[in-house]
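Analysis of the macromolecular model
Below, each chain spelled out in residue letters.
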Amino acid sequence: MRHLFQQTVGVILLLLVAGSVTSCSFVKGITAWVQPRDQFVATSANPEVRYLPGSQALADRLAAAVSHSVEIVEKTHGVKFAHAPLMFVCHADCFTKFTSASNQVAAAQFGDAVFMNADALQEREQQRGMPPENFLTHELAHLLLYQRAGAVAYKRVPSWFREGIAVLVSNDAGAEACTPANAARKILDGKAFDPTEAGSVLREKTAWNYDLQPPVFYREAELFVRYLRDRNPPAFQTALLEIVGGKDFQSSFSQAYGQSIASYWPEFVTTMNQIAGK
């Protein structure tokens, strides 16, 4: 019952966020939420991984990789999933229908499930060398935080942190189109996200709010999250456990590090000179 309640609240929040952008997005979100999922077929290796005709090969491949991805994500966050991750695999038209995301998006966490776009994933692997398994790990990082923190607390974690840690644990999935050097140069030029952003249920800031392309936003976020982790690993793990537990994002870091995240930004920016090759 609690799982169903959290899932319902989470999707309502997702729809509210979409509605705060455009009424069209709101309608698409509602349409995605009410789509029946009973036509998906469970893989033989893992019944929680399901697919539609034409995507079985990818579904079987991902089903074989789930346990490893789960292990990586749980080890990074220091906690286990509240329950087994649920995944749906299908082609682009279906992916858009069930998530309201663009058909160019490779994968998405929507409510308490992960959706994988077979067409986009194939393109990413062929053109950029990024395997679908990495995108699976990326989305599972989002899903674990959603499950453990709850729908409201999840949205109060700024998107730059959610994406940064997801890219970090997935070996660059989502940021593969932007090199660290390119992102470092953007940061040095002042074209970066705001590290003081506290997250918001209704007014979430993403790449577009900062006039950044998603791969650049993801890479910048990964660089800063990596810096925070490497700067003080024990403090990072303490803060992460608090956040996963549903505690306030900014205060969790301030208490663990003894100072605000924003106070680390100037030092972080100076480290970008070496990465940018300057």
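Residues numbered from 1 in each chain as written. Predicted model: local features only at pLDDT ≥ 70, side-chain atom pairs only at ≥ 80, totals over all residues. Heavy atoms only, no water.

Okay, the sheet that holds strand β3 (residues 87-90) next. Taken in spatial order, the 5 strands line up as β1-β2-β3-β5-β4 in an open sheet, and their pairing is mixed. Because the sheet does not close on itself, it has two edges, and the strands there are β1 (41-42) and β4 (107-110). Bridging between β1 and strand β2 (residues 49-51) involves 2 bridges; their strand directions are antiparallel. In the sheet register, V41 faces β2, and the bridge partner there is Y51. Its contacts with the sheet put helix α5 (residues 118-128) on β3 and β5 (113-117), and the angle it makes with β5 is roughly 60°. (Pairing = 2+ DSSP bridges. Helix = DSSP H or I, 4+ residues; strand = E, 2+ residues; numbered from the N terminus. Contact = heavy atoms within 4.5 Å. Axes fitted to C-alpha atoms, helices over the stretch in contact; angles between N-to-C directions.)

Another point: the nonpolar core. Judged by nonpolar contacts, the single largest core of 75 residues is most densely connected at M116, W160, F161, L228 and F253. It is helix α6 (residues 132-149) that provides the largest number of residues to this core, a total of 9 residues. Beyond its immediate chain neighbours, meaning those up to four positions away, W160 contacts F193, D194, P195, E197, F217, A221, F224, V225, L228, F249 and I261. (Core = buried A, V, L, I, M, F, W, Y, C linked by side-chain atoms within 4.5 Å. Buried < 20%, exposed > 50% of the residue type's maximum accessible area, 1.4 Å probe, protein only.)

Right, let's get into the state of the cysteines. This model, assessed by the stated rule, comprises 1 disulfide. With its sulfur 2.1 Å from that of its partner, C90 forms a disulfide with C94. As the torsion about the S-S bond is roughly -85°, the C90-C94 disulfide counts as left-handed. Side by side, C90 and C94 carry an identical accessibility label, which is buried. (Disulfide = S-S within 2.5 Å.)

On to the layout of surface pockets. Its boundaries defined by the atoms lining it, the second largest pocket holds a volume of some 160 Å³. Lining the second largest pocket are G54, S55, Q56, A57, L58, R61, H91, A118, D119, L121, Q122 and P132. Of all the secondary-structure elements, those providing two or more residues to the lining of the second largest pocket are α3 (56-77) and α5. Its residues assigned to classes, the lining of the second largest pocket shows 5 nonpolar, 5 polar and 2 charged. (1 Å grid on protein atoms, 1.4 Å probe; cavity = no way out; pocket = protein on both sides within 12 Å on 5 of 7 lines; lining within 4 Å. Points joined across faces, edges and corners; volume = space filled by probe spheres on them. Nonpolar A, V, L, I, M, F, W, Y, C, P; charged D, E, K, R; others polar.)

Moving on: the environment of R50. Here R50 shows up in strand β2. R50 sits 12 residues away from D38 along the chain, and the two C-alpha atoms are 9.8 Å apart. Each residue touching R50, except ones within four places of it in the same chain, is listed here: F40, V41, A42, L86, M87, F88 and V89.

What follows covers unusual backbone geometry. Residue D172 is not a glycine yet carries a positive backbone phi of 85°. Considering the arrangement of structural elements, one finds D172 in the loop between α8 (159-169) and α9 (180-188). Although it is not a glycine, D211 adopts a positive phi angle of roughly 55°. Along the chain, D211 falls in the loop between α9 and α10 (214-231).

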